[in-house]
Protein chains: 2
Amino acid sequence: MATTIPYKIYLEENEMPKSWYNLRADMKNKPAPLLNPGTHQPMTAEELAPVFCEELVKQELDNDTAFIEIPEEIRSFYKMYRPSPLVRAYCLEEKLQTPAKIYYKFEGNNTSGSHKLNSAIAQAYYAKKQGLKGVTTETGAGQWGTALSMACSYFGLDCKVYMVKVSYEQKPFRREVMRVYGASVTPSPSETTNIGKKMLADFPGTNGSLGCAISEAVEVATSTEGYRYVLGSVLNQVLLHQSVIGLETKAAFDKYGIKPDMIIGCAGGGSNLGGLIAPFMGEKLRGEADYEIIAVEPRSCPSFTRGTYAYDFCDTGMVCPLAKMYTLGSGFMPAPNHAGGLRYHGMSSTLSQLYADGYMTARSVAQTDVFAAAEEFARVEGILPAPESSHAIKVAIDEAKKCRETGEEKTIVFGLTGTGYFDMYAYEQFHDGKMEDYIPSDEEIAASVAGLPQV
Amino acid sequence: MATTIPYKIYLEENEMPKSWYNLRADMKNKPAPLLNPGTHQPMTAEELAPVFCEELVKQELDNDTAFIEIPEEIRSFYKMYRPSPLVRAYCLEEKLQTPAKIYYKFEGNNTSGSHKLNSAIAQAYYAKKQGLKGVTTETGAGQWGTALSMACSYFGLDCKVYMVKVSYEQKPFRREVMRVYGASVTPSPSETTNIGKKMLADFPGTNGSLGCAISEAVEVATSTEGYRYVLGSVLNQVLLHQSVIGLETKAAFDKYGIKPDMIIGCAGGGSNLGGLIAPFMGEKLRGEADYEIIAVEPRSCPSFTRGTYAYDFCDTGMVCPLAKMYTLGSGFMPAPNHAGGLRYHGMSSTLSQLYADGYMTARSVAQTDVFAAAEEFARVEGILPAPESSHAIKVAIDEAKKCRETGEEKTIVFGLTGTGYFDMYAYEQFHDGKMEDYIPSDEEIAASVAGLPQV
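The model shown is predicted, which means the values in this text are computed figures rather than measured ones.

(A) Quick peek at the overall build of chain A. Looking only at helices and strands, chain A has 18 helices and 15 strands in total. A compact globule built from 455 residues should have a C-alpha radius of gyration of about 23 Å, and chain A, at 21 Å, falls within 12% of that. A principal-axis box enclosing the C-alpha atoms of chain A has dimensions of 65 × 50 × 45 Å. Within chain A, buried positions represent 66% of all 455 residues.

(B) Representation of the interface of chain A and chain B. Every contact between the two is made by 43 residues of chain A and, on the other side, 43 residues of chain B. Here chain A is connected to chain B by 4 salt bridges. Between B:Asp432 and A:Arg179 there is a salt bridge; the shortest N-O distance is 2.9 Å. Viewed at the interface, chain B and chain A are joined by 26 residue pairs in polar contact (both at pLDDT 80 or more). Residue assignment for the side of chain A that touches chain B shows that the elements contributing at least two residues are α3 (72-81), α6 (143-155), α8 (172-180), α15 (367-381) and α17 (424-431) of chain A.

(C) Inspection of the relation of the copies chain A and chain B at higher detail. Under the fitted operation, chain A is carried onto chain B by 0.0 Å of movement along the axis and a turn of 180 degrees, and the coordinates agree to an RMSD of 0.0 Å. Taken together, the rotation angle and the small translation identify this as a two-fold axis. Taking C-alpha positions as reference, the residue of chain A nearest the rotation axis is A:Asn109, located at 3.0 Å. By residue overlap, the copies meet face to face through one surface: 100% of the interface positions of chain A are interface positions in chain B.

(D) Highlighting the side chain of A:Asn118. In this structure, A:Asn118 sits in helix α5 (residues 117-129). A:Asn118 has contacts with A:Tyr78, A:Tyr81, A:Arg82, A:Glu107, A:His241, A:Gln242, A:Val244 and A:Ile245, leaving out every residue within four places of it along the chain.

(E) A look at the pairing of strand β15 (residues 411-416) of chain A. Residues and elements named next belong to chain A. Burial runs high along β15: 6 of the 6 residues are buried. Where burial is concerned, the two faces of β15 agree: the one with Thr-411, Val-413 and Gly-415 and the one with Ile-412, Phe-414 and Leu-416 are both buried. As defined by bridge partners, strand β5 (residues 101-106) adjoins β15 across 6 bridges and the pair is classed as parallel. Counterpart to Lys-105 in the pairing with β15 is Gly-415.

(F) Region of interest: the packing of helix α9 (residues 194-202) of chain B against helix α10 (residues 210-223) of chain B. Residues and elements named next belong to chain B. Here α9 crosses α10 at 145 degrees, and the two axes come no closer than 8 Å. Where α9 approaches α10, its residues Asn-194, Ile-195, Gly-196 and Met-199 are matched on the opposing element by Cys-212, Ser-215, Glu-216 and Glu-219. Of the residues belonging to the contact of α9 with α10, the class tally is 3 nonpolar, 3 polar and 2 charged.

(G) Layout of the nonpolar core. The biggest cluster of nonpolar side chains holds 236 residues, and the ones touching the most others in it are A:Met360 and B:Met360. The contact partners of A:Met360, leaving out residues within four places of it in the chain, are A:Leu273, A:Ile277, A:Met281, A:Ile293, A:Ala295, A:Phe304, A:Leu351, A:Leu354 and A:Tyr355.

(H) Up close: unusual backbone geometry. The amide bond that connects A:Arg82 to the next residue, A:Pro83, takes the cis arrangement and shows omega of -5 degrees. Tracing the sequence through the fold places A:Pro83 in the loop between α3 and β4 (86-88). The phi dihedral of B:His40 falls on the positive side, at around 60 degrees, and the residue is not glycine. Within the secondary structure, B:His40 is located in the loop between β2 (19-21) and α1 (45-48). Look at B:Gln97: it is not a glycine, yet its phi comes out positive at around 50 degrees. Assignment of secondary structure puts B:Gln97 in the loop between α4 (90-96) and β5 (101-106).

(I) Region of interest: the packing of aromatic side chains. Taken as a whole, this structure holds 44 aromatic pairs over all chains when the rule is applied. When the centroid spacing of 5.9 Å and the interplanar angle of 55 degrees are considered together, the rings of B:Tyr125 and B:Phe155 count as tilted. Taken together, the residues B:Tyr125 in helix α5 (residues 117-129) and B:Phe155 in helix α6 (residues 143-155) connect sequence positions 30 residues apart. Grouped by ring-pair contacts, the aromatic residues A:Phe77, A:Tyr78, A:Tyr81, A:Tyr125, A:Tyr126, A:Tyr154 and A:Phe155 constitute a single cluster. The positively charged end of B:Arg175 is found above the aromatic ring belonging to B:Tyr168, 4.7 Å away from the centroid. Here the guanidinium or amino end of B:Lys259 rests over the ring plane of B:Tyr291, the centre of that ring lying 4.7 Å away.

(J) Seen up close, the pattern of salt bridges. Summed over all chains, the structure comprises 52 salt bridges over all chains. Measuring nitrogen to oxygen at the nearest pair gives 3.4 Å for the salt bridge that ties B:Asp423 to B:Lys171. Taken as a pair, B:Asp423 in the loop between β15 (411-416) and α17 (424-431) and B:Lys171 in the loop between α7 (165-170) and α8 (172-180) lie far apart in primary sequence, 252 residues in all. An identical accessibility class is assigned to B:Asp423 and B:Lys171; each is buried. By sharing partners, the salt bridges in this structure join A:Arg82, A:Lys105, A:Glu107 and A:Glu248 into a single network.

The rules behind the values
Residues numbered from 1 in each chain as written. Chains lettered and ligands numbered in written order. Predicted model: local features only at pLDDT ≥ 70, side-chain atom pairs only at ≥ 80, totals over all residues. Heavy atoms only, no water. Helix = DSSP H or I, 4+ residues; strand = E, 2+ residues; numbered from the N terminus. Rg over C-alpha atoms; globule rule 2.2 N^0.38 Å. Buried < 20%, exposed > 50% of the residue type's maximum accessible area, 1.4 Å probe, protein only. Contact = heavy atoms within 4.5 Å. Salt bridge = Lys/Arg side-chain N within 4 Å of Asp/Glu carboxyl O. Polar contact = N/O pair within 3.5 Å; in protein donor to acceptor, adjacent residues only side chain to side chain. Least-squares fit on C-alpha atoms with pLDDT ≥ 70 in both. Pairing = 2+ DSSP bridges. Axes fitted to C-alpha atoms, helices over the stretch in contact; angles between N-to-C directions. Nonpolar A, V, L, I, M, F, W, Y, C, P; charged D, E, K, R; others polar. Core = buried A, V, L, I, M, F, W, Y, C linked by side-chain atoms within 4.5 Å. Phe/Tyr/Trp six-rings, centres within 6.5 Å; stacked < 30°, edge-to-face > 60°. Lys NZ or Arg CZ within 6 Å of the ring centre and 35° of its normal.

This is the structure in structure tokens:
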């Protein structure tokens, strides 16, 4: 007799993960190291220390320790909004008339509106532990900035957010949430940094860019006593913290003896996907189980599906270390789609290596198809998804429809990374038929990757 | 040895309530009946049938049945977003350095952002069951309209929402959420109804009002084949559905052998408060237990604390039945505070009777104090609360501080009805020091209640 699966599987508090899982420990081909942009030698802990907290540098460089204990203070914070539910999408299944069993891990039930909080609280904790006064960061769409503001508020750290100017002006409510949590939010470029001043002088009236905001945040962190810079995706440390998503997902499945066939996640810098798949990929790497793993990216910013696997700058300003990754070139300007969290030219080095080694596949999807899937999902499952998350929804629905054709009873799980409450302008564009699908030309991508650094 | 109380108490699916609890069954003094505005005789089921669904009319008039089974279809929907967590506010307790134990029942983890969905899905279900094509309603701040849109989408019902014009224009994102769920949203007053046309002719350029939007929605419902009108608060039927909040709260407490001393809820029309307190008040009415129960209302719209207990119209247009309630007069125009859900001139008849009989107390609080409490709460508990919910937070914090003085270890529970994601403009006003506290004068209230109907 099969146990009936509830709509939502919640772990008990004492079943929550006590350690993060470091996927790199099980990789035969380790992700390529960060390189010093000047010497092209692997970055050392000493070189990284002025930018990042000590403990986070350790985590960034640690390719060997499989399990890293989650400090008690972070676990306490996790308990305020975790465990997140693993939801059985019964209503979506019925709507699609599919024999597939669809699950999603929902990370949106916290005020930051996304999974970003999982790493924000860890990074704030280590900053506090090191005795720092505060941290700096950049934010585009605003989810990461919000998450970091919440985390800093909790530990009494100062939080300086550089928000891309166009987002600052178009998303005043995101900015206001950060203010509730006591963060200072500065539109970038700004007069508060040298690089900001230069940008304003060179490009008067510029809307700003994520690349410039990163550069400003790094400049402030490295030039202000007691501050460090923190980042919400791409880095190994972030994937480590986000492994809590996958660990909870796997524990919830294990409680009911379920083994998913397919794991789907949206991918911008890779923080959510890397976290969701971590323990499953671990089993796959160790040859203990097999899973079909699919990264979904916007057609307008297709780093996995159309990028080049090479060393590149992580930021447009070219002040950060070089990372080997699937990249469209650090000068690539993604079209203004509505999934700000996926508009990144590169990809996590760890995921890039796994993709290069054939452990996962990737697909790119068009924006209007994504919003159609989002709306279909919202109407039956109740949750209004973030545009980023909806990339995964789109592919999950596609796969469930395939099962309807073939009769296969696949178990599909996808990451529902967040909610779309601050993205209603995008939904409005969609409803009013004003949404466009941007697809970069081959020439555009070729021109951009032609500028990759010679390593 | 005391059991350790987790941060969040979740019921299992099979522990969720299978029946709603009808508080009226245990009241010795029943709430006064609705009266026909023409004859001043109690409204009959026949008279109510053109406006409301048959089953809902039954529930509205049933003062005797204590438990009414929740239909299986509604329970399935509840499982998508319920049980809601009963949260132990450990971080708030620590921040306040209070010996009080603070809990809150959090109803904001669904896309409508509030508890309104609990009744919306019930009302949509009965409309569907009766074979109707659709329902009409009004919405001010937009939470109820959103909840009803979601519910109608689930059951494939048409949903026509009349949204107060000023909200329609100032809250385009709320409107857009409703569109995601397929509702038609019309700014009120509109050209689609006779009363709307009259309002537009008499008051060109009017911003609209909740009273007018109700009248338009009722006109469309009663003049369109296959439609009925639905309402999100005030009515007995709504309190019945919302009892799911209190039943879950009590079940969660019972699991850990906890008996709260004090129950606090915000009160506009009474839907949340009436639901939260239902089973506790039942025990109190039956003499089985005692609880201190506190309604919190805005100082700008103080129906309990400064209103008159008398028959009044439920709407400004005076087309609805008369209800006996604490009222400021149906012509009372509450100042434009930022808790739209609490800007109602009257109060649930059931709660009014209980208040008159001394089973509960009430307090009014100033808006700026409410937002200060909201921010204090958000920073330690993570959740960004709705302005409405923050009224309860304010009094819970006040009471916890009293415990700090007296050393009492009171167990306090309050209703956290929803999230404030669509209220960031209000938070901005607060941060920028532009928020005002409106207090109606004695003369203003006296003039308004002078116009009460003679019954």
